[in-house]
Amino acid sequence: MRKRSLTMPLLALSGLIAACSSQPDYRSEDTPPPTVDQVDLTRYAGLWYEIARYPNSFEEGCTDTTAEYSLRDDGKVTVINSCEIEGRDDRKVAEGVARVVEGSNNSKLEVKFAPSWVPFAWGDYWILHLEPDYSAALVGSPDGKYLWILAREETLADATLETILEKAAALGYQTDPLVYREPSGE
């Protein structure tokens, strides 16, 4: 019985590793992109709507995706991602934790959605662009596997979206693969 209880976590872990390694790379640059100079995590906390994202396995079938960040007493950030899945009445919810990368002025975080006993499941969450009023952000991984455009509202002004897309392209990220949020009710 003990052998079986270790088998399931090891299978899940190997599946997680395979999923992470199979994600396409949409950035041709080898040097890490610059992040914003500084992020006030108190202002960054709260609800964000996903405007666009690179396709990825963990958001497959998701619409109306949101991310909510809240500060913790230990200096970390609670992350709650949720989305609608067609044919389901409830929202799919994933809860994780983020930690600030030392010396990054809060612009580089590492996020983990795996159980606490998995030591190496932290993923890069770099804030690449942030509107001065904290109304929209470009977030991604330096390797080009992940990229999100987030906003405080369900829609984003065309001019702001264009600015963010231009920033992404200037940093070496492809913008053609982005999957955009569908308007609510469609």
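Relevant structure appears above.
Observations regarding the pairing of strand E4 (residues 91–100)
Pairing between strand E3 (residues 77–85) and E4: eight bridges, direction antiparallel. Across the sheet, the residue bridging to Asn81 is Ala94, located in E4. Hairpin connection of E3 to E4: five residues between the antiparallel strands, including Gly87 at a positive phi of 90°. As paired strands, E4 and strand E5 (residues 108–112) are joined by four bridges and run antiparallel to one another. Residue pairing for E5: Val100 is matched across the bridge by Leu109.

Some words on the side chain of Gln23
Looking at where Gln23 falls in the secondary structure, it is placed in the loop between helix H1 (2–21) and helix H2 (41–44). Using a relative accessible area of 7% as the deciding quantity, one classes Gln23 as buried. Engagement of the side chain of Gln23 in a polar contact is seen with the backbone oxygen of Pro55, the distance being 2.7 Å. Once residues lying within four places of it in the same chain are set aside, the contact partners of Gln23 are Pro55, Asn56, Ser57, Lys145 and Tyr146.

Side note on the pairing of strand E1 (residues 46–53)
Remember that side chains alternate between the two faces of the sheet whenever the strand is regular. Counted residue by residue, E1 has seven buried out of eight residues, so it is predominantly covered. Across four bridges, E1 lies against strand E2 (residues 62–71) in antiparallel orientation. Following the sheet pairing, Tyr49 is matched in E2 by Thr66.

Overview of the nonpolar core
Counting 21 residues, the largest nonpolar core has Tyr44, Tyr69, Tyr125, Ile127 and Leu130 as its most contacted members. Contributions of two or more residues to this core are made by H2, E2, E3, E5, strand E6 (123–130), strand E7 (136–140) and strand E8 (147–151). The element contributing the most residues to this core is E6, with three residues. Residues within four places of Tyr44 in sequence aside, it is in contact with Val39, Tyr69, Tyr125, Ile127, Leu130, Tyr134, Ala137, Val139, Leu150 and Arg152. Core analysis: the second largest hydrophobic core is formed by 19 residues, Tyr54, Ile149, Ile164 and Leu165 among them.

Scoring rules and cut-offs
Once a new chain begins, its residue numbering starts again from 1 and follows that chain's sequence as written. A pLDDT threshold of at least 70 governs which residues receive local features in this predicted model, and a stricter bar of 80 or more applies before side-chain atom pairs are shown or counted, although totals over entire chains, interfaces and linings include all residues. The side-chain quantities take in all heavy atoms of the structure and omit both hydrogens and water. Here, a strand pair is defined by DSSP locating no fewer than two bridges between the strands. Each helix is a run of H or I in the DSSP string that is no shorter than four residues. Each strand is a run of E no shorter than two, and both are numbered from the N terminus. Using a 1.4 Å probe on the protein chains alone, a residue whose accessible area is under 20% of its type maximum counts as buried, one over 50% counts as exposed, and one in between counts as partly exposed. Here a polar contact is taken to be a pair of N or O atoms separated by no more than 3.5 Å, where protein atoms must pair a possible hydrogen donor with a possible acceptor and residues adjacent in sequence count only if both atoms sit in side chains. Residues are treated as being in contact if the distance between any of their heavy atoms lies within 4.5 Å. Remark: nonpolar core denotes a set of buried residues (Ala, Val, Leu, Ile, Met, Phe, Trp, Tyr, Cys) joined through side-chain atoms within 4.5 Å.

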